[in-house]
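Letter by letter, the chains look like this.
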Amino acid sequence: MKLTSEEQDMLDGKYGKSAKKSMEILATLGEIFDAECMVDVVGVQIAGVSYANLGEAGLEFLSEMAEDGKVRVLTTLNPAGMDRENWQALGIDKEFAKNQNRAIDAFAKMGIITTCSCTPYLIGNTPHFGQHLAWAESSAVCYANSVIGARTNREGGPSALASAIIGKTPKYGYHLDENRHGEVLVKVNAQVKGTDEFGVLGKIIGDKLVELGKKTPYITGISRATVEELKSFCASVATYGGTALFHMEGITPEYNKYPKPSDIIFEINQDNLDKTRLELIDDDINIDFVSIGCPHASIHEIGKIANLLKGKKVKKEFWITTARPTKRIADEAGYSKIIEDAGAKFAADTCCVVAPIKGRFKGIMVDSAKACYYGRSKNKFKVKIGSIEECIEEATG
Ligand code: F3S
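Residues numbered from 1 in each chain as written. Predicted model: local features only at pLDDT ≥ 70, side-chain atom pairs only at ≥ 80, totals over all residues. Heavy atoms only, no water.

Engineer: Please explain the layout of surface pockets as it appears in this structure.
Structural biologist: To find leftover empty space, one rolls a probe the size of a water molecule over the atoms. Looking at the largest pocket, its volume works out to about 470 Å³. For the largest pocket, the lining is made up of 28 residues, of which Asn78, Glu137, Val353, Val354 and Lys370 are closest to its centre. When residues of the lining of the largest pocket are traced back to their parent elements, those giving at least two are α5 (138-148), α8 (227-241), β10 (287-297) and α13 (369-377). By residue number, the principal contributor to the lining of the largest pocket is β10, which donates four residues. When residues are assigned to domains, the lining of the largest pocket turns out to be shared by domain 1 (5-177) and domain 3 (289-392), each giving three or more. What lines the second largest pocket is a set of 14 residues, and nearest its centre among them are Gly194, Thr195, Thr226, Glu229 and Lys304. Secondary structure elements with two or more residues in the lining of the second largest pocket: α7 (194-212), α8, α10 (299-309) and α14 (388-396). Residues from two domains meet in the lining of the second largest pocket; each of domain 2 (181-279) and domain 3 (289-392) gives at least three. (1 Å grid on protein atoms, 1.4 Å probe; cavity = no way out; pocket = protein on both sides within 12 Å on 5 of 7 lines; lining within 4 Å. Points joined across faces, edges and corners; volume = space filled by probe spheres on them. Helix = DSSP H or I, 4+ residues; strand = E, 2+ residues; numbered from the N terminus. Domains from an automatic or database assignment.)

Structure representation (structure tokens):
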């Protein structure tokens, strides 16, 4: 990989220890993936923020980087293991909270904005078409590449941090036109509506892509989709199919930039949607936990939840997971008071997957196919998918 003289100086340690370590990480990645050069990034999003993922080894790496490391571009964090203000009410233990804060403090020391969200695009870490990024959260990577038309590979925690410190990433993968074309034509012959149904669609397409050994679908037949439906779809197709980019005819900005694939085609009808939905509902589930906001809830979703909860009381543990800036807007709009008066809880900065809640609940109801996947695999809950309305009915009924 060709390095500029400044990049070479960083690699030689002339810009300090953290810049040297960061350049080593990026140069190694560049060599592995045959990148010709580096490209400037306008924003970074770092994952692996929960202390449950980092552990002491991760924390040690962060502390070393924070000794002289400062980020050069706008950088935010993925959800942490707890709500930084409300962790006690959510049943997080003191020792975990102390360690989680040590990690966040190390990020803050490097100049990282310690907003912990998987929807950075909703809260100001918002790229526009064609800009290069180094983002790590799989659902956000898929949203940035597909819905916005920005360009990012799915970074690991250390490579995202390295990009934040250098302000660049090796130019390979989704940064290049040649890797952004659709590979499989997916024809949807059904009306898809709601975050839950878009999540189900993501699972069908993701599962099929794995079977075919392909990554990038070109989807037709969707006539409209909201931001919330697309964020749910991104989370699901990334979880089940490892997809970082899709094109959706008439919806996403690059759908007519590359040729429509014609050799591999598969179709989805209402039957497929109904059958796959049933795969996301466990038998004999006893629901004691309802959570909405995977990916993090938008202000629009929180407004809808407030409307549905007005004057009611929840009878089960009910979390709304969101970014703290979105929660602040909800406070100002009066939504938070309605929601909290109903007995539901905000879990800002975190989510039902990264919070250390394994074993605390038996059955979770969500509107997210991604949360179903991790609810089962990571937290060992039984799961049930439903619309936001059905989730609220379950919590209040
Ligand atoms: Fe976000 Fe947690 Fe879901 S990080 S995408 S809310 S699993």
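Engineer: What should I look at first to understand the site of the ligand in this one?
Structural biologist: In the region of the ligand, the neighbouring residues are Pro79, Cys118, Glu137, Ser139, Gly293, Cys294, Pro295, Cys351, Val353 and Lys370. Placement of the ligand is best described as lying within the largest pocket. Of the residues contributing to the shell around the ligand, the split by class is six nonpolar, two polar and two charged. For the shell around the ligand, the two domains that each supply at least three residues are domain 1 (5-177) and domain 3 (289-392). (Near = heavy atom within 4 Å. Sits in = over half its atoms within 2 Å of the grid points. Nonpolar A, V, L, I, M, F, W, Y, C, P; charged D, E, K, R; others polar.)

Engineer: I would appreciate a short explanation of the domain arrangement of the protein in the present structure.
Structural biologist: By a widespread convention, an interface's size corresponds to the accessible area lost as its parts come together. Annotation of the protein at the domain level lists domain 1 (5-177), domain 2 (181-279) and domain 3 (289-392). Using C-alpha coordinates to define each centre, domain 2 is positioned 25 Å away from domain 3. Facing the 13 residues of domain 2 at the interface are 18 residues of domain 3. With both sides pooled, the region where domain 2 packs onto domain 3 buries about 1200 Å², and carbon together with sulfur makes up 56% of that total. The interface formed by domain 2 and domain 3 holds one salt bridge in total. In this structure, Glu301 engages Lys231 in a salt bridge whose closest nitrogen and oxygen atoms are separated by 2.8 Å. Our count for the domain 2 to domain 3 interface comes out at nine residue pairs in polar contact (both at pLDDT 80 or more). Going through the elements one at a time, α7, α8 and α9 (270-279) are the ones with two or more residues in the side of domain 2 that touches domain 3. For the side of domain 2 that touches domain 3, the leading source of residues is α8, giving seven residues. The residue makeup of the side of domain 2 that touches domain 3, split by class, is three nonpolar, five polar and five charged. (Contact = heavy atoms within 4.5 Å. Buried area = accessible area lost by both parts, 1.4 Å probe. Salt bridge = Lys/Arg side-chain N within 4 Å of Asp/Glu carboxyl O. Polar contact = N/O pair within 3.5 Å; in protein donor to acceptor, adjacent residues only side chain to side chain.)

Engineer: Quick question: what am I supposed to make of the nonpolar core here?
Structural biologist: Across soluble globular proteins, you tend to see nonpolar side chains buried next to one another. Judged by nonpolar contacts, the single largest core of 100 residues is most densely connected at Met110, Leu201, Ile205, Ile219, Phe233 and Phe246. Considering every element that reaches this core, the biggest residue donor is α5, with seven residues. Beyond its immediate stretch of four places on either side in the chain, Met110 contacts Leu62, Met65, Ala66, Gly69, Lys70, Val71, Leu161 and Ile165. In terms of nonpolar packing, the next biggest core, distinct from the first, is built from 21 residues, Ile287, Ile305, Ile339 and Ala342 among them. (Core = buried A, V, L, I, M, F, W, Y, C linked by side-chain atoms within 4.5 Å. Buried < 20%, exposed > 50% of the residue type's maximum accessible area, 1.4 Å probe, protein only.)

Engineer: Whenever I open this one, the sheet that holds strand β3 (residues 74-77) confuses me. Can you help?
Structural biologist: In any sheet, the strands associate via hydrogen bonds between backbone groups, in a parallel or an antiparallel arrangement. Spatially, β3-β2-β4 is the arrangement adopted by the three strands of the open sheet, whose pairing is parallel. A single partner strand is all that each edge strand has here, and the edge strands are β3 and β4 (133-135). Neighbour-to-neighbour, the strand axes of the sheet open up by a mean angle of 15°, direction not taken into account. Strand direction decides the pairing type here: strand β2 (residues 43-46) and β4, joined by three bridges, are parallel. Of the residues in β4, the one forming a bridge with Val44 is Ala134. (Pairing = 2+ DSSP bridges. Axes fitted to C-alpha atoms, helices over the stretch in contact; angles between N-to-C directions.)

Engineer: Would you take a moment to explain empty space enclosed by the protein for this structure?
Structural biologist: Following the criterion strictly, the structure yields one cavity of 30 Å³ or more and no others. In this structure, the largest cavity occupies an estimated 40 Å³ of space. Forming the walls of the largest cavity are Thr195, Glu228, Lys231, Ser232, Gly293, Cys294, Pro295, Glu301 and Asp367. Listing elements by their share of the lining of the largest cavity, those giving two or more residues are α8 and β10. Across the lining of the largest cavity, the residue classes tally to two nonpolar, three polar and four charged. Each of domain 2 (181-279) and domain 3 (289-392) accounts for three or more of the residues forming the lining of the largest cavity.

Engineer: Please clarify how the packing of aromatic side chains should be interpreted in this entry.
Structural biologist: Aromatic ring pairs: the centre-centre distance and the angle between the two ring planes describe each pair. Considering all chains together, one arrives at ten aromatic pairs under this definition. Centre to centre, the rings of Tyr121 and Tyr143 are 3.8 Å apart; their planes meet at 5°, and the pair counts as stacked. Here Tyr143 lies in helix α5 and Tyr121 lies in the loop between α4 (94-109) and β4, a separation of 22 residues in the sequence. Accessibility assignment for this pair places Tyr121 and Tyr143 in one class, buried. Here the aromatic rings of Phe289 and Trp319 are separated by 5.1 Å at their centres, their planes lie at 80°, and the arrangement is edge-to-face. (Phe/Tyr/Trp six-rings, centres within 6.5 Å; stacked < 30°, edge-to-face > 60°.)

Engineer: I tried to follow the packing of helix α3 (residues 51-68) against helix α6 (residues 157-166) on my own but got confused; where do I start?
Structural biologist: How two helices pack is summed up by the angle between their axes together with the distance between the axes. Remark: α3 packs on α6, axes separated minimally by 12 Å, with the N-to-C direction vectors making an angle of 10°. When the axis of α3 is compared with that of α6, the two are roughly parallel. Residue-level inspection shows Phe61, Leu62 and Met65 of α3 in contact with α6, the latter providing Pro158, Leu161 and Ile165. Residues of the contact of α3 with α6, tallied by class, amount to six nonpolar, no polar and no charged. (Parallel < 35°, antiparallel > 145°, perpendicular 65-115°, else oblique.)

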